[in-house]
Amino acid sequence: MSKWADLQRLHDVNRGRHILDLFDESRAVDFSVTADGMLFDYSKTSIDSATRAALVRLAEVSGVAEKRAAMFSGEKINDTEGRAVLHVALRAGEEAVIRVDGQDVLPEVRRIRAACAAFARDVRSGAFQGQGGRITDVVNIGIGGSDLGPAMATLALAPYHDGPRCHFVSNVDGAHIHDVLQGLDPTTTLVIVASKTFTTIETMTNADTAKRWMGAKVADPAAQFAAVSTARDKTSAYGIDPARVFGFEDWVGGRYSMWGPIGLALMIAIGPERFDEFLAGGRAMDQHFLTAPFAANMPVMLALVGIWHNQICGHATRAVLPYDQRLARLPAYLQQLEMESNGKRVAIDGSDLETHSGPVVWGEPGTNGQHAFYQLIHQGTRVVPCEFLVARRGHEPDLAHQHLLLVSNCLAQAEALLRGRSLEEARAIMARRGATGAELERQARHRVFPGNRPSTVLAYDQLTPFTLGQIIALYEHRVFVEGVILGINSYDQWGVELGKELALALQPVLEGKAGTEGKDGSTAALVAFLR
């Protein structure tokens, strides 16, 4: 019997039930999880006690606990690449010991973190300067995990910035680097090139552009470059002082790497002490994930809600809706974290999956989304599970009235998705407005909200470095749990390779140095038009 059978049966039996009918005086508490001041409320979903028990059993029979222990102990759970998966080591405590191939990896993690912190302090204090004086701006050049994480986190922690201004360049489109560099002073700008291999074509193309831009104004542009890379031969050939090169091991995947040297720009912006608070938040979520029973375990329950909505209910997307403008880049970050990790089609043994893999993840901050795509969420024909995030308080006490309005909107949207509006209620509204007969009926039908649409709320006190660390680690572990249940490897990404290979082959074709032999008719025609 399939391990999904019990859940599918529960879904089929309760298919027509309204979520509101599940509510009693204790449901909001019983179907919530807390961890270190954070609350995850999943009571506005169709999950009841029997369903939750079946979901927990699914996690148990899938080996989540065993795989979790293997990850934290340094076993090579990324078995298609033969690597450990140890982003948790980057935020581990001072007393921790984690071994890979028998060797404790944490002394080197701490050494590199200390080197990053020392460099960040030098930049922030002015001990390290540009060739025109104190560093005023930092430009981080990377792509994917070398960009999305630190760019998202730097924006999220804007209230804590007391260092140089930080900017991020990722796209190979020349417009991106042009627009970022425009208005900066090359003599007081630090460029961080983030590429593990120092060969990523988008990153190195942008790095070369930045170097030329800087070289037009300073005698030695490489003196204002730092690198996050393990390819020290290439960084030396590029002219970057080895003292400004910070590496990380192959057991840290790009999309999980902002806890280490990839987070250097963030560390410079907020300072090493605040960065340590960010690490502490992630570490606190790690401990909760390791020790809490599954039914009271926030990452596990977040994952099981996702499994219920996607694999059992058949909802192909999930909307991440932070009611926090500074988390504007969180949906994009989670797109990579979740879709690159769990966007697979075969199980670890190479067999075809018996169910769909990860969902499409998307979203925007509230209240902007309310005036854009919430129409489809409320009245469209497809159900989109929504994940709201909201803080009890903001960072602007003089604008507390606006934060209150923000929170009111967040809770109202979740309530509206749950309750909806019946045809009878819509008729009464139109009758009060003076409509009658067929026109009343027509107008009323336009104002019906089906309701019974699931949502969750992740609530916290304030978006601090500690809280952001909790949030990111929470979603990392959610991806892990979902991946284990699906039986896939969440830590490789072969799906990005083919397009890269074909792009390298097409460049000389577009340059006129090669023909279109072997290309399909569409590609050949597009080359002819664009060339």
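Conventions adopted
Residues numbered from 1 in each chain as written. Predicted model: local features only at pLDDT ≥ 70, side-chain atom pairs only at ≥ 80, totals over all residues. Heavy atoms only, no water. Helix = DSSP H or I, 4+ residues; strand = E, 2+ residues; numbered from the N terminus. Rg over C-alpha atoms; globule rule 2.2 N^0.38 Å. Buried < 20%, exposed > 50% of the residue type's maximum accessible area, 1.4 Å probe, protein only. Contact = heavy atoms within 4.5 Å. Areas by Shrake-Rupley, 256 points an atom, 1.4 Å probe, with all protein chains shown as cover. Lys, Arg positive; Asp, Glu negative; His and termini not counted. Charge placed at Lys NZ, Arg CZ, Asp CG, Glu CD. Salt bridge = Lys/Arg side-chain N within 4 Å of Asp/Glu carboxyl O. Axes fitted to C-alpha atoms, helices over the stretch in contact; angles between N-to-C directions. Parallel < 35°, antiparallel > 145°, perpendicular 65-115°, else oblique. Left-handed = near helix turned anticlockwise from the far one by under 90°. Nonpolar A, V, L, I, M, F, W, Y, C, P; charged D, E, K, R; others polar.

1. Concerning the overall build of the protein chain
A tally of regular secondary structure across the protein chain gives 20 helices and 15 strands. Since a compact globule built from 531 residues should have a radius of gyration of about 24 Å, the 25 Å found for the protein chain is in line with a globular shape. With the principal axes as the frame, the protein chain shows a C-alpha extent of 80 × 60 × 55 Å. With 531 residues in all, the protein chain has 52% of them scored as buried. In the protein chain, of all internal contacts separated by at least 6 residues, the share reaching a separation of at least 24 is 73%. Carbon and sulfur atoms make up 53% of the accessible area of the protein chain, which totals about 23100 Å². In the protein chain, 53 positive and 61 negative side-chain charges are present, and the distance between their average locations comes to 3 Å.

2. Regarding the pattern of salt bridges
One pass over the structure, following the stated rule, counts 30 salt bridges. In this structure, R274 engages E277 in a salt bridge whose closest nitrogen and oxygen atoms are separated by 3.2 Å. Of this pair, R274 and E277 both sit in helix α11 (residues 272-291), three residues apart, which is roughly one turn of that helix. Take R274: its relative accessible area is 33%, and that puts it in the partly exposed class.

3. Thoughts on unusual backbone geometry
Negative phi values dominate among residues other than glycine, just as trans dominates among peptide bonds. Between G366 and the following residue, T367, the backbone shows a cis peptide bond with an omega angle of 10 degrees. With respect to the helices and strands, the residue T367 is situated in the loop between β13 (360-362) and α14 (374-379). We note that D36 has phi near 50 degrees; this positive angle belongs to a residue other than glycine. Despite not being glycine, F198 has its phi angle at roughly 60 degrees, a positive value.

4. A word on the packing of helix α1 (residues 5-13) against helix α3 (residues 49-61)
The description of two helices packed together rests on the angle between their axes and the distance between the axes. Look at α1 against α3: their axes get within 9 Å of each other, and the N-to-C directions meet at 160 degrees. On the basis of their axis angle, the class for α1 and α3 is roughly antiparallel. Judged by the twist between their axes, the crossing of α1 over α3 is left-handed. Listed contacts from α3 to D6, L7 and L10 of α1 are A50, T51, A54, L55, R57 and L58. Counted by class, the contact of α1 with α3 contains six nonpolar, one polar and two charged residues.

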